[in-house]
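Now for the letters of each chain:
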Amino acid sequence: MDERYVCAIARYMIGLFYREDRFKKAKYYTEDMVCIVPGHQEKRNCRILHRECRICLNRPDAASVVGSYRLVSSSDNGGRNMSLCRYSALLQYMWGTPRLTMLHISEEPGRVFRLTDVVEHTYFLGEEEILYLESGHNRVFWHTGKETVEVTGTLLHAESGLPDSFVRIHKSFIVNSLHVAGINRCYAELSNGERLQIPVKRYTDVRRKLIVKRECEAGRWRYHGQQSGSQN
């Protein structure tokens, strides 16, 4: 099967999954499709932000796909709730069309940071949007690549509320390990091409921490890939 086509169908069906009326009318599923979604509740007002999607096993008659997306919904207090959802899917080629025969979605709580900048503007940043945090003159700059949010405070205070994916690499920088594309002596290269300095004395320890974080993330992908493959 064509990889782009299969991934496009998987993403399309994921989107329809939260619109029950259209999901049942779609042509890309089998009548005996198995859906495994623990604790799922219909969320009609959610937005889906797709991340990665890739094929684990590709045969002429079937393909298994793993992927993930962010599920964003509005909260009662005007904020946003964001969950990280991972999925594995099995598609079979039937009557000239790939059809979904199995869909497994797991939902993990995600973090959304509510920030008020120095001119009282409010921002809601998902943890995967953030590239790194930078300190300077009693300010913390939250960099996303698209924008920078400047808030009053210290990097130490901000660090106390960050999830495990964030690593302190310098007295002035905390980096999101999900966006580290490479680790060199003595800097970390981010997914947008920026380079952040790593002090020589801290290089070995920082490098180890970043590698551990990246391997943990990769391990979750391998686990889901094995699950998809075992369905065949």
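Preceding this paragraph is the structure being described.
What you see is a predicted model, and the numbers here were worked out from it, not measured in a lab.

**With respect to the pattern of salt bridges**
Considering all chains together, one arrives at 6 salt bridges under this definition. Three or more residues joined by partner-sharing salt bridges are found here, namely Asp205, Arg208 and Lys209.

**A look at the environment of Arg54**
The residue Arg54 is located in strand 2 (residues 47-58) in this model. The exposure class assigned to Arg54 is partly exposed, which follows from its relative accessible area of 28%. Along the backbone, Arg54 and Gly67 are 13 residues apart, and their C-alpha atoms lie at a distance of 6.3 Å.

**A word on the environment of Ile55**
With respect to the helices and strands, the residue Ile55 is situated in strand 2. The class of Ile55 is buried, set by a relative accessible area of 15%. Separated by 12 residues in the primary sequence, Ile55 and Gly67 place their C-alpha atoms 8.7 Å from one another. Sequence-distant contacts of Ile55, that is, excluding residues within four places in its chain, are made with Glu3, Val6, Cys7, Ser64 and Val65.

**Quick word on the layout of surface pockets**
Roughly 200 Å³ of internal volume is contained in the second largest pocket. Glu128, Glu129, Leu131, Thr144, Gly145, Lys146, His179, Ser191 and Asn192 are the residues that line the second largest pocket. Of the residues assigned to the lining of the second largest pocket, the class counts are 1 nonpolar, 5 polar and 3 charged.

**Here we look at the packing of aromatic side chains**
Inspection of every chain in the model, using the stated rule, returns 4 aromatic pairs. On the basis of an interplanar angle of 50° and a centroid distance of 5.4 Å, the ring pair of Phe113 and Trp142 is categorised as tilted. Of this pair, Phe113 sits in strand 6 (residues 112-116) while Trp142 is found in strand 9 (residues 139-143), placing the two residues 29 residues apart along the sequence. Note on accessibility: Phe113 and Trp142 belong to one class, buried. Judged by centre distance (6.0 Å) and plane angle (75°), the rings of Tyr132 and Phe173 are edge-to-face. A residue pair is termed long-range when its members are at least 10 positions apart, and Tyr132 in strand 8 (residues 132-135) and Phe173 in strand 12 (residues 173-176) qualify at 41 residues. Accessibility assignment for this pair places Tyr132 and Phe173 in one class, buried.

**Structural notes on the side chain of Thr97**
Considering the arrangement of structural elements, one finds Thr97 in strand 5 (residues 97-109). Not counting residues up to four positions away in its chain, the partners in contact with Thr97 are Tyr5, Tyr28 and Gln92.

**Describing the sheet that holds strand 13 (residues 180-184)**
Across the sheet, 3 strands lie side by side as 13-14-15; this open sheet has antiparallel pairing. Each edge of the open sheet carries a strand with a single partner, namely strand 13 and strand 15 (195-197). Averaged over neighbouring strand pairs, the angle between their axes works out to 20° when direction is ignored.

**Looking at unusual backbone geometry**
Following Arg185, the chain continues to Cys186 via a peptide bond in cis, the omega torsion being 0°. You will see that Glu120, though not glycine, has its phi angle at about 70°, which is positive. For Glu120, the position within the fold is in the loop between strand 6 and strand 7 (122-126). Taking relative accessible area as the criterion, Glu120 reaches 62% and is therefore assigned exposed. At His137, a position not held by glycine, the phi torsion is positive, near 55°.

The rules behind these values
Residues numbered from 1 in each chain as written. Predicted model: local features only at pLDDT ≥ 70, side-chain atom pairs only at ≥ 80, totals over all residues. Heavy atoms only, no water. Salt bridge = Lys/Arg side-chain N within 4 Å of Asp/Glu carboxyl O. Helix = DSSP H or I, 4+ residues; strand = E, 2+ residues; numbered from the N terminus. Buried < 20%, exposed > 50% of the residue type's maximum accessible area, 1.4 Å probe, protein only. Contact = heavy atoms within 4.5 Å. 1 Å grid on protein atoms, 1.4 Å probe; cavity = no way out; pocket = protein on both sides within 12 Å on 5 of 7 lines; lining within 4 Å. Points joined across faces, edges and corners; volume = space filled by probe spheres on them. Nonpolar A, V, L, I, M, F, W, Y, C, P; charged D, E, K, R; others polar. Phe/Tyr/Trp six-rings, centres within 6.5 Å; stacked < 30°, edge-to-face > 60°. Pairing = 2+ DSSP bridges. Axes fitted to C-alpha atoms, helices over the stretch in contact; angles between N-to-C directions.

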